[in-house]
Amino acid sequence: AGSTGSAVLLYASSFPLTKLIESYQISQFHPSISGWQGILKKNWNDYQGLIQKIEEFERSGGLRVDSAAEPVVLVLYSPFSAHAVIPVSVTQAENGDFLVKAYEPDQPSGLATLVIAKDFSAISHAAGLYTGLSYIPYRSLASSISGTGTKGIADSSLYLSIDKEHGMAADDAGNGIENIEGAYEQKPIGNGNGSTFSGIRSFVLPKGNYRLSADTPEGETGAGNADSVTFYMGTTEYFAEITSTDETAALQIAENNGQGNPLSLELQSSSTTEETAAFTLVNSQGMERAIEIGCSNAAISIEGNNAIAIQAPGQETITIDGQKVALKDGKANIAFQDATVDPDGNAPGNNGTESPGNSLQPGSNNPDSSKKPAADGSDSNRPSATKPGAGSSGQNVRTVTKVKVNVKKLTLGVGETYALKASALPANAANKKLRYSASNKKITVNSKGKVTAKKTGSAKITVKSSNGKKATVQVTIKKKPTKIRLNAKTKTIRAGWNFQIKAKFPKGTASNKLTYTSSRRAVASVSSTGKVTARKKGTAIITVKTYNGKKAKMKIIVKKKK
């Protein structure tokens, strides 16, 4: 029902893009939305109309109850980009603000919360404040994207994503998306600056063979988790999430390769150290298989009859849905229909029928359809396959195999705070609760990972899962900075050029957090990392501020393009 606030309810939509890709994949802002000027202009900043539409959708019972229910796509705007989400419910907080739960492409496993001010003056998100909004009926958007009604694009597109700042997709000839006809990058929104990495890069391509890789320039680390890489792949038939502990690993994707396999995924790693990989596969009926492999070189092929062929060279066993399985010559075959594993290469089938309890059918009368998302933000309604003997709950218990943190080293000034971002892998582990602890009193860390620097010196933070897996962060604490100095007082650049601001502090002082603002963003904008983009002729002042209020300014003079 619409009141459940679950992204999976979009699963039952009669519009093909909601069937699988919009429910699970990192699908974002399609360029054709910008061509729908009439509707977007009409609904511009219509907060009350948006709330009414969400309430109507919610009262209808949602797509599970009424396949004709009309969800809307909420389009959020910042000065330089736009971002699309699908709202599923709205409530009013005690202070009068409206809380909108929405399917957020950057968080495909759960729902995001957007806040509409009670006076209908603004809408905000954890990423920041947006400058405007509009909305469009999903049916209109689906028709606009396909160009031929509500069918077309979902049948011929491949959606690929990677959680690396410099991630890139290329075809067999090495062409990037800019040289592939019909391909484009979906541009998410960050903190409103337009050039800030949101945590994921997403590409839409015509069906074919592609390589997805981190593509990090030499000498740079790039944003994103430094200890692993996660790939996402979506088609109308299948979704896959692949994580490797080798952050330099690449994923080779082949569709309709002429060998009888409609889809092939090959994880490639050149690491000489011990690595692991996890594959989560979902078919269009919502059946799910989870595969864990003790290396980062593995290949998986999915055939048209839902048979899955696994190759893990050099491995004697792998884990499938939480159960250890022996391999024969590094190979095994399974299927979406049941949980039987045949190492002899004969994938089991069921003669076109499904075993009771093996799947959750989209749009079925599920007695648990009123469940709300779990407290940890995960989607408790996400369809999953059931193993024989697993009981009526149908839950595949997976243990935490790794804890990852967004930083390994951290330098703070006394009194400064920092929010660690930690998570347990795999994403569908049974108990992902983490505990934070500090090695001494020079810092404190709370249950949510908020670090506070107390005294100069050094300390270590340990992030530990319930089954003992852990990660550590080394923290150095310095004095508060008494001043800040930039790498230039005045900088002259031409429109379209970029310039990176760098800050220096007196010896023994530090400020991890720096806030950058521009006096004239139309002339020169600045990202949250200090990257200046010259936009048009004129002069702007960039102000850089430390966590304790110390400031420095840089004058940016922008000249016309040659």
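Treat the numbers as computed from the prediction; the structure is a model and nothing was measured.

1. A closer look at the sheet that holds strand β20 (residues 307-311)
- Reading across from one edge, β9-β12-β15-β16-β19-β20-β23 is the order of the seven strands in this open sheet, with antiparallel pairing throughout. With partners counted over all chains shown, the strands left at the sheet margins are β9 (168-171) and β23 (331-335), one partner each. On average, each strand axis in the sheet is inclined to that of its neighbour by 15 degrees, with strand direction left out of account.

2. Details of the sheet that holds strand β25 (residues 409-413)
- Ordered in space as β25-β32-β31-β28, the four strands form an open sheet in which the pairing is mixed. Unpaired on one side and paired on the other, β25 and β28 (434-438) mark the two borders of the sheet. The mean angle between the axes of side-by-side strands here comes to 25 degrees, regardless of whether they run parallel or antiparallel.
- Sheet topology note: the strand β31 (residues 457-465)/strand β32 (residues 470-478) ladder contains eight bridges and is antiparallel. The partner of A459 across the bridge, within β32, is V475.

3. Focus: the layout of surface pockets
- Estimated volume of the second largest pocket: approximately 220 Å³.
- The wall of the second largest pocket is formed by T243, T245, T276, A277, A278, E292, I293, G294, T401, K402, L425 and P426.
- For the lining of the second largest pocket, the elements supplying multiple residues, two or more each, are β17 (277-283) and β18 (288-293).

4. Here we look at a positive patch on the surface
- Together, R435, K460, K464 and K470 make up a positively charged patch on the protein surface.
- Here R435 shows up in strand β28.
- Taking the relative accessible area as the measure of exposure, R435 reaches 54% and is therefore exposed.

5. A closer look at the pairing of β31
- By the bridge criterion, five bridges tie β28 to β31 in an arrangement that is antiparallel. Counterpart to A438 in the pairing with β31 is I461.
- What sits between the antiparallel neighbours β31 and β32 is a turn of four residues, in which G468 has the positive phi angle 95 degrees.

6. Focus: helix α4 (residues 47-59)
- Helix length check: α4, at 13 residues, gives a terminal C-alpha distance of 18 Å against a target of 18 Å (1.5 Å per residue), a fit within 8%.
- When we look at burial in α4, the residues that qualify are Y47, G49, L50, I51, I54 and F57.

7. Points about the pairing of strand β21 (residues 317-320)
- Direction of pairing for β18 relative to β21: antiparallel, over a ladder of two bridges. Of the residues in β21, the one forming a bridge with I291 is I320.
- Inspection of the sheet shows β21 paired to strand β22 (residues 323-326) by four bridges, in the antiparallel sense. By the bridge assignment for β22, I320 is matched with Q323.
- Hairpin remark: β21 followed by β22, antiparallel, with two residues in the connecting loop; positive phi at D321, about 50 degrees.

8. Quick notes on the side chain of E416
- Topologically, E416 is positioned in the loop between β25 and β26 (417-419).
- Look at E416: it is buried, it has no salt bridge, and the nearest opposite charge is K513 at 7.7 Å.
- A polar side-chain atom of E416 sits 2.7 Å from the main-chain amide nitrogen of K513.

9. Concerning the confidence of the model for the chain
- Mean pLDDT over the chain works out to 74, with 68% of the residues at or above the 70 mark.
- Predicted confidence in the chain is weakest over helix α2 (residues 21-24), with a mean pLDDT of 34, and strongest over strand β40 (residues 538-546), with 96.
- Predicted confidence is poor over residues 1-37, with pLDDT under 50, and the contacts of this stretch with residues over four places away or in other chains come to 152 contacts.
- Note on residues 144-155: pLDDT is under 50 here. Beyond four places in sequence and across chains, it has 24 contacts.

10. Some words on unusual backbone geometry
- Each neighbour pair has its own omega, and for L425 with P426 the value is 0 degrees, a cis peptide bond.
- Looking at where P426 falls in the secondary structure, it is placed in the loop between β27 (422-425) and β28.

11. Some points on the environment of T243
- Within the element layout of this structure, T243 appears in strand β14 (residues 238-244).
- A relative accessible area of 10% places T243 in the buried class.
- The spacing of T243 and I162 is 81 residues in sequence and 9.8 Å in space, taken between C-alpha atoms.
- Apart from the residues within four sequence positions on either side, T243 is in contact with S228, V229, T230, T276, A277, A278 and L425.

So, how was this worked out
- Residues numbered from 1 in each chain as written.
- Predicted model: local features only at pLDDT ≥ 70, side-chain atom pairs only at ≥ 80, totals over all residues.
- Heavy atoms only, no water.
- Pairing = 2+ DSSP bridges.
- Helix = DSSP H or I, 4+ residues; strand = E, 2+ residues; numbered from the N terminus.
- Axes fitted to C-alpha atoms, helices over the stretch in contact; angles between N-to-C directions.
- 1 Å grid on protein atoms, 1.4 Å probe; cavity = no way out; pocket = protein on both sides within 12 Å on 5 of 7 lines; lining within 4 Å.
- Points joined across faces, edges and corners; volume = space filled by probe spheres on them.
- Patch = residues over 30% accessible without salt bridge, like charges linked within 9 Å, V, L, I, M, F, W, Y side chains within 5 Å.
- Areas by Shrake-Rupley, 256 points an atom, 1.4 Å probe, with all protein chains shown as cover.
- Salt bridge = Lys/Arg side-chain N within 4 Å of Asp/Glu carboxyl O.
- Lys, Arg positive; Asp, Glu negative; His and termini not counted.
- Charge placed at Lys NZ, Arg CZ, Asp CG, Glu CD.
- Buried < 20%, exposed > 50% of the residue type's maximum accessible area, 1.4 Å probe, protein only.
- Expected span 1.5 Å × (residues − 1).
- Polar contact = N/O pair within 3.5 Å; in protein donor to acceptor, adjacent residues only side chain to side chain.
- pLDDT = per-residue confidence, 0-100.
- Contact = heavy atoms within 4.5 Å.

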